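The lines below spell out each chain.
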Amino acid sequence: MNAEVTADAFRSVASDYERGRPGYPDAALDRLARELGLDPSSVVLDLAAGTGKLTRDLASRFHRVIAVEPLDEMRAVIERSLPSVDAVKGTAEEMPLGPGSADAVFVAQAFHWFDGPRALAEIARVLRPTGGLALLWNSTPWENREGPWFSALDDILERSRADLSTLRRHGSGEWVRAFDRDGPFLPLHNATFENQQRASRAKFIAALASRSYVAAMAAADRADLLADVERLLERPDAPLDGETVVLPIRTDVLWARRRA
């Protein structure tokens, strides 16, 4: 799936993205702030901010937050819900900001979509000399085949018409190659945090619908897939606590300081 198709897919699911996607644990953000030497007076940039799932947490922690998002439909959600945030149109490879604009750049669920070397050069440009980069990914159980119910969900996805190459894009690790020893950043460090989510059935379905590989499907195929998942929730081994879907999500974070 190319970048243009992905962008078109995300345009159509901004509301599902906002309603269903999980946030990020406080412990992970505390660790990143500590490792990158940030404090409440810091200026931070949320790159590929989407509808602002991470932006909200950053805005509650830091003096100034800049959200960079290329899609008007996504950025409009940030503008409505977070008027204190500077929301600007831009991409990882071309940001409408001057050199040294931020103390840190955060990227959630998105770095694997970037042109890695070009993005890192541009991120380094907008960072101050002591600045750093933070990457975050929420890893869902069906990406890891954790238990029979999630394996069944994975099987449904495999049998569908979804282009699952996008599901594997992050997991392939190819994006790490951009962080070579001669690049603008020091070596990456990493940590993992538990991030259990409790969601209604509707929010769980919305989260799945907002995945690029589902959003890009033809309407009829997407409806069939989501109906199959709704039926799967009726299984006795479904991860339900009453009517609440319980998801043992893992949050992986990585960080690196800009090279002097």
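Above: the structure in question.
For every chain, the first residue of the written sequence is number 1, and numbering continues from 1 onward in sequence order. Selection of residues for local features in this predicted model requires a pLDDT of at least 70, selection of side-chain atom pairs for listing and counting requires 80 or more, and totals for whole chains, interfaces and linings are taken over all residues. Values reported for side chains reflect all heavy atoms of the structure, with hydrogen atoms and water molecules removed beforehand.

Novice: Kindly report on the pairing of strand 10 (residues 250-257), identifying the contributing residues and their values.
Specialist: Most of strand 10 is tucked away, with 6 of its 8 residues classed as buried. Whether two strands pair depends on DSSP finding at least two bridges between them. Under the scheme used here, helices are H or I runs from DSSP no shorter than 4 residues and strands are E runs no shorter than 2 residues, and both carry numbers assigned from the N terminus. In the sheet, strand 5 (residues 127-139) pairs with strand 10 via 8 bridges, with the strands oriented antiparallel. Paired with L133 across the bridge in strand 10 is A256. Across 6 bridges, strand 6 (residues 189-194) lies against strand 10 in antiparallel orientation. By the bridge assignment, T192 is partnered in strand 10 with D252. Residue exposure (1.4 Å probe, protein chains only): buried if accessible area is under 20% of the type maximum, exposed if over 50%, otherwise partly exposed.

Novice: Account for the environment of I249, naming residues and giving values.
Specialist: The residue I249 is located in the loop between strand 9 (244-247) and strand 10 in this model. On the basis of relative accessibility, which here comes to 1%, the residue I249 falls in the buried class. Between the C-alpha atoms of I249 and F111, which are 138 residues apart in sequence, the distance is 19 Å. It only takes one pair of heavy atoms within 4.5 Å for two residues to be counted as in contact. Once residues lying within four places of it in the same chain are set aside, the contact partners of I249 are P22, N138, S139, T140, P141, F193, E194, N195, Q196 and Q197.

Novice: Mind laying out the sheet that holds strand 3 (residues 86-88), listing which residues take part and the relevant values?
Specialist: Across the sheet, 7 strands lie side by side as 3-2-1-4-5-10-6; this open sheet has mixed pairing. Taken across any chain shown, the strands that pair with only one partner, and hence form the sheet edges, are strand 3 and strand 6. In this sheet, neighbouring strand axes are inclined to one another by 20° on average, regardless of whether the strands run parallel or antiparallel. As judged from the 4 bridges shared by strand 1 (residues 43-47) and strand 4 (residues 102-108), these two strands associate in the parallel manner. Paired with V44 across the two strands is A104, which belongs to strand 4. Across the sheet, helix 6 (residues 116-126) touches strand 1, strand 4 and strand 5, and the angle it forms with strand 5 is around 130°. Only the contacting stretch of a helix is used when fitting its axis, a line to C-alpha atoms as for every element, and angles between N-to-C directions run 0 to 180 degrees.

Novice: Pulling in residues and values, what's your account of the packing of aromatic side chains?
Specialist: Two rings belonging to Phe, Tyr or Trp (six-membered ring only in the last case) form a pair when the distance between their centres is within 6.5 Å. Interplanar angles under 30 degrees mark stacking, angles over 60 mark edge-to-face geometry, and anything in between is tilted. Inspection of the entire model under this criterion finds 7 aromatic pairs. With 6.5 Å between their ring centres and 40° between their planes, F62 and F106 make a pair best called tilted. Residue F62 is found in the loop between helix 4 (53-59) and strand 2 (64-68), and its partner F106 is found in strand 4; the two are separated by 44 residues along the sequence. A residue is classified by how much of its surface remains accessible, and F62, at 9% relative accessible area, is buried.

Novice: Summarise helix 3 (residues 26-35); cite the residues concerned and give the values.
Specialist: Among all positions in helix 3, only A28, L29, L32 and A33 are buried. Taken around the axis of helix 3, the buried residues stretch over an arc of 130°, which confines them to a single face. Pointing more than 90 degrees away from the buried face of helix 3 are the exposed residues D26 and R34. Residues of helix 3 that are buried make contact with helix 4, strand 4, strand 5, strand 6 and strand 10. Two residues or fewer after helix 3 comes G37, characterised by a positive phi angle close to 65°. When we speak of the arc, we mean the arc of directions from the helix axis to the C-beta atoms.

Novice: Break down the sheet that holds strand 7 (residues 197-200) for me, citing the residues and quoting the values.
Specialist: The strand order 7-9-8 describes an open sheet built from 3 strands, whose pairing is antiparallel. What marks the edges here is a single partner per strand, and that holds for strand 7 and strand 8 (240-241). Alignment of strand 7 against strand 9, held across 4 bridges, turns out to be antiparallel. In the sheet register, S200 faces strand 9, and the bridge partner there is T244. Along the sheet, helix 9 (residues 201-209) contacts strand 7, strand 8 and strand 9; its crossing angle with strand 7, the most-contacted strand, is approximately 105°.

Novice: Give me the pattern of salt bridges: which residues, what numbers.
Specialist: We count a salt bridge whenever a side-chain nitrogen from Lys or Arg sits within 4 Å of a carboxyl oxygen from Asp or Glu. For the structure on display, the rule yields 17 salt bridges. We note a salt bridge from D103 to R128, for which the minimum N-O separation is 3.1 Å. In this pair, D103 sits in strand 4 while R128 sits in strand 5, placing the two residues 25 residues apart along the sequence. By relative accessible area, which is 17% here, D103 ends up buried. Its relative accessible area of 30% is what places R128 among the partly exposed residues.

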